[in-house]
Amino acid sequence: MALALLTRHALRASTVCSRAVSNKPVAMPFKAVFGRPILAQRVLGFSVAAGPKGKQPPPPPPPVEEENELDEGMDYDPMEDLNIPQRRRVLAMKDVQKKYDLLHNEYQRELAALQHKYNEKYAPIFDERRNIFTGKTAITEKYELEDDGAPDGPVPEFWLNALANHNKVGPFITERDSEVLKYLEDIRSEVLLGEERGFKLLFYFRADNPHFTNKVLEKVYVLEPEDDIVPKRFTGSSISWKEGRDVTVEETKRRVKGGKGDKSKPAFVVEKVPCDSFFTIFDPPKVPTEAEANSMSEEELEEVEEALANDFDIGFAIKDQVIPRAVEWFTGEIAPISPDEYDDEYEEGEY
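Please read all numbers here as calculations on a predicted model, not as lab measurements. Think of each chain on its own: its residues are numbered from 1, step by step along the sequence as written. It should be noted that, the model being predicted, local features are given only for residues of pLDDT at least 70 and side-chain atom pairs only at 80 or more, the latter also being counted only at that level, while totals for whole chains, interfaces and linings use all residues. Side-chain calculation: all heavy atoms of the structure are included, whereas hydrogens and water are not.

### Focus: the overall build of the protein chain
Then step 1. The helix and strand labels rest on DSSP assignments: H or I over at least four residues marks a helix, E over at least two residues marks a strand, and numbering proceeds from the N terminus. Along the protein chain, the regular secondary structure elements total ten helices and six strands.
Then step 2. Looking at the 351 residues of the protein chain, the share that counts as buried comes to 34%.
Then step 3. Residue contacts are counted whenever heavy atoms from the two residues lie within 4.5 Å of one another. Taking all contacts inside the protein chain whose residues are at least 6 apart in sequence as the whole, residues at least 24 apart take part in 66%.
Then step 4. Total accessible area on the protein chain is roughly 23100 Å²; 53% of this is exposed by carbon and sulfur atoms. Each residue gets one of three labels from its accessible area relative to the maximum for its type: buried under 20%, exposed over 50%, partly exposed in between, using a 1.4 Å probe on protein chains only. Per-residue and other accessible areas were derived by the Shrake-Rupley procedure at a 1.4 Å probe size, with only the shown protein chains allowed to occlude residues.

### Structural notes on the environment of I132
Then step 1. Here I132 shows up in helix α4 (residues 84-133).
Then step 2. Each C-alpha atom, one on I132 and one on P154, is 7.4 Å from the other, the two residues being 22 residues apart in sequence.
Then step 3. Not counting the four nearest positions on each side in its chain, I132 is found in contact with T137 and I139.

### Regarding a negative patch on the surface
Then step 1. For patches, a residue must show more than 30% relative accessible area and have no salt bridge; joins then use 9 Å for like charges and 5 Å for nonpolar side chains, namely Val, Leu, Ile, Met, Phe, Trp and Tyr. One speaks of a salt bridge when a side-chain nitrogen belonging to Lys or Arg is within 4 Å of a carboxyl oxygen belonging to Asp or Glu. Here the positive residues are Lys and Arg and the negative ones are Asp and Glu; neither His nor the chain ends is included. One atom stands in for each charge, and that atom is NZ of Lys, CZ of Arg, CG of Asp or CD of Glu. A cluster of like negative charges, contributed by E298, E299, E300 and E302, occupies part of the molecular surface.
Then step 2. Residue position: E302 is located in helix α8 (residues 298-322).
Then step 3. When its relative accessible area of 41% is taken as the criterion, E302 is described as partly exposed.

### With respect to the sheet that holds strand β1 (residues 184-192)
Then step 1. Pairing between two strands is assigned when DSSP locates at least 2 bridges connecting them. As summarised here, the arrangement of the four strands in space is β1-β2-β3-β4, forming an open sheet in which the pairing is antiparallel. This sheet does not close on itself; its edge strands, each paired only once, are β1 and β4 (231-236). Neighbour-to-neighbour, the strand axes of this sheet turn through a mean angle of 10 degrees, independent of strand direction.
Then step 2. In the sheet, strand β3 (residues 216-223) pairs with β4 via five bridges, with the strands oriented antiparallel. Considered in β4, the bridge of V222 is made with R233.
Then step 3. Orientation is described by lines fitted to C-alpha atoms, with helices fitted over the stretch in contact, and by angles between N-to-C directions that extend from 0 to 180 degrees. Running over the sheet, α4 touches β1 and β2 (197-205) and is turned about 165 degrees from β1.
Then step 4. α8 contacts β1, β2, β3 and β4 of the sheet and is inclined by roughly 70 degrees relative to β2.

### Re the packing of aromatic side chains
Aromatic rings considered in pairs are described by the distance between their centres and by the relative angle of their planes.
Then step 1. Here is the rule: rings of Phe, Tyr and Trp (six-membered ring for Trp) pair when centre to centre is within 6.5 Å. Planes less than 30 degrees apart are stacked, more than 60 are edge-to-face, and the remainder are tilted. The full count for this structure, using the stated rule, is 20 aromatic pairs.
Then step 2. Pairing F203 with F278 gives two aromatic rings, centres 6.5 Å apart and planes at 70 degrees, and the pair type is edge-to-face. Of this pair, F203 sits in strand β2 while F278 sits in the loop between β6 (267-274) and α7 (290-294), and the two are 75 residues apart along the sequence.
Then step 3. Among the residues examined, F278 registers a relative accessible area of 0% and is labelled buried.
Then step 4. Linked through ring pairs, F203, F205, F212, W241, F278, F279 and F282 together constitute an aromatic cluster.
Then step 5. Distance and angle both matter: a charge sits over a ring if NZ of Lys or CZ of Arg is within 6 Å of the ring centre and within 35 degrees of the ring normal. When the ring centre of F199 is taken as origin, the NZ or CZ atom of K319, which lies over that ring, is 5.0 Å away.

### Thoughts on the pairing of β2
Then step 1. Of all nine residues that make up β2, eight are buried, and the element is covered over most of its length.
Then step 2. Strand direction decides the pairing type here: β1 and β2, joined by eight bridges, are antiparallel. Each bridged residue has a counterpart across the sheet, and for S189 the counterpart in β2 is L201.
Then step 3. Across eight bridges, the pairing between β2 and β3 is antiparallel. If you follow F199 over to β3, its bridge partner there is Y221.

### Overview of the nonpolar core
Then step 1. By size, the foremost hydrophobic cluster in this structure holds 47 residues, and its most contacted members are W159, F203, F278, F279 and I318.
Then step 2. At the level of elements, α4, α5 (158-164), α6 (175-181), β1, β2, β3, α8 and α9 (326-331) are the ones that each hand at least two residues to this core.
Then step 3. If we skip the residues at most four places from it in the chain, F279 touches D177, V180, L181, F205, F212, L217, I239, W241, V247 and T248. Here, nonpolar core means buried Ala, Val, Leu, Ile, Met, Phe, Trp, Tyr and Cys residues that are tied together by side-chain atoms lying within 4.5 Å of each other.

### Description of the pattern of salt bridges
Then step 1. With the rule as written, the count across this model stands at 16 salt bridges.
Then step 2. A salt bridge links D127 to R130, with the nearest nitrogen and oxygen atoms 3.4 Å apart. With D127 and R130 both in helix α4 and three residues apart, the pair spans about one turn of that helix.
Then step 3. Given the relative accessible area of 27%, D127 is considered partly exposed.
Then step 4. A salt bridge links K168 to D313, with the shortest nitrogen-to-oxygen separation between them at 3.3 Å. Of this pair, K168 sits in the loop between α5 and α6 while D313 is found in helix α8, placing the two residues 145 residues apart along the sequence. With respect to class, K168 is no different from D313; both count as buried.

Written out as C-alpha cells, the structure is:
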C-alpha cells in the first residue's frame, strides 16, 4: 500500500508535467545518467538525484516488534475522532464512492475502446508520414522553394532527431544509442483492451540494422485498473544483440594473476559492465509486491518509485507527444528551451 501511494503521487506529478509541452524554459528534474550501482539504476538505468546537503533528518526509530505492529494496525480506526452519526455519514459516502468507481471503470473501458478506434484512423496518416521521410513517396509540391541541385531522397535519422529533441527522452540517448536509432524506421502505439489496461509502444527497425536481429521492439505499460497512472507491470522485448553490438554494456579487461608459484604471464578477463543506454527501457523496473515493499527501506522505496516514474514518463512522452507530432520534434520547433539556452538567447535587456 505504501509503495502504491508513493508511486501514485510521483507518477501523477510527472504525468501532469508531461501532458503540457511548453516553449518556456524547462529545468530537467534529474541528470540523465545510466550506470546501475544503486537499486533504481539496476532496474532501469536511471540515477536518482542526490538530496540537498546540510542538516540530515534524525535516524529512524528502532523497529517495533511484529506483534506490536499487528496490534496497532488492528486497533487503528481512521474514524476514531468522529461520533456515531458522522461515522454513518462517512460509511454512506463510501457506498456512493463504490457507485462512482463502477461508473469510472465503465468510462475507462469506453475511453480505451475510443482510443483504439482512433488509433486505427491515425494509422494511414502515420503510414503517409513514414512513406514521405523514407523517400517512398515522391513529392511533387514545390512549396515555393528553389531547387538547390541536391538529389531527392529520404530524410535521414528522422526518429533519432525527433526523440533526441524531446526534453524528457533526449537526455537518455547516448552517442552509442544514436548509431542504433539511425535504423529506427517507425514508432507506433497501441491501447490495451480487455482486462488489463495501459498501452504498448512498438519500435520498428530497418532490415539492414547491424546491431540486433529484432525487427520490432515492444514496451508494454500495464496500469492498475482503478488509476490510469499507477503501474501494475512494465515489460519489454528481449533484444537479440549481435556480437559486440550491445550498447547497454561495456567490455572491460581485468587482470587476473596466477596462483602462488605460478610463473605464467598474467591473464586478462573480459567483463561486461552495464552502462548508459536508452535501450535499458526494454529491461524495465519490476513493480514490487506488497510483501516485497514492506521489507524494503524507505530509501529503497523512493528509488523504486523514482525508477518507475522515470520509465513511465519516457513511455508516456513518446506515446502522447513524440508520435503524434514527430515532424515538429524532428525540426525542434516544439522543443522547450533549456534554462542555459534561454539565458544565452535572452540576456538582460535583449528581446
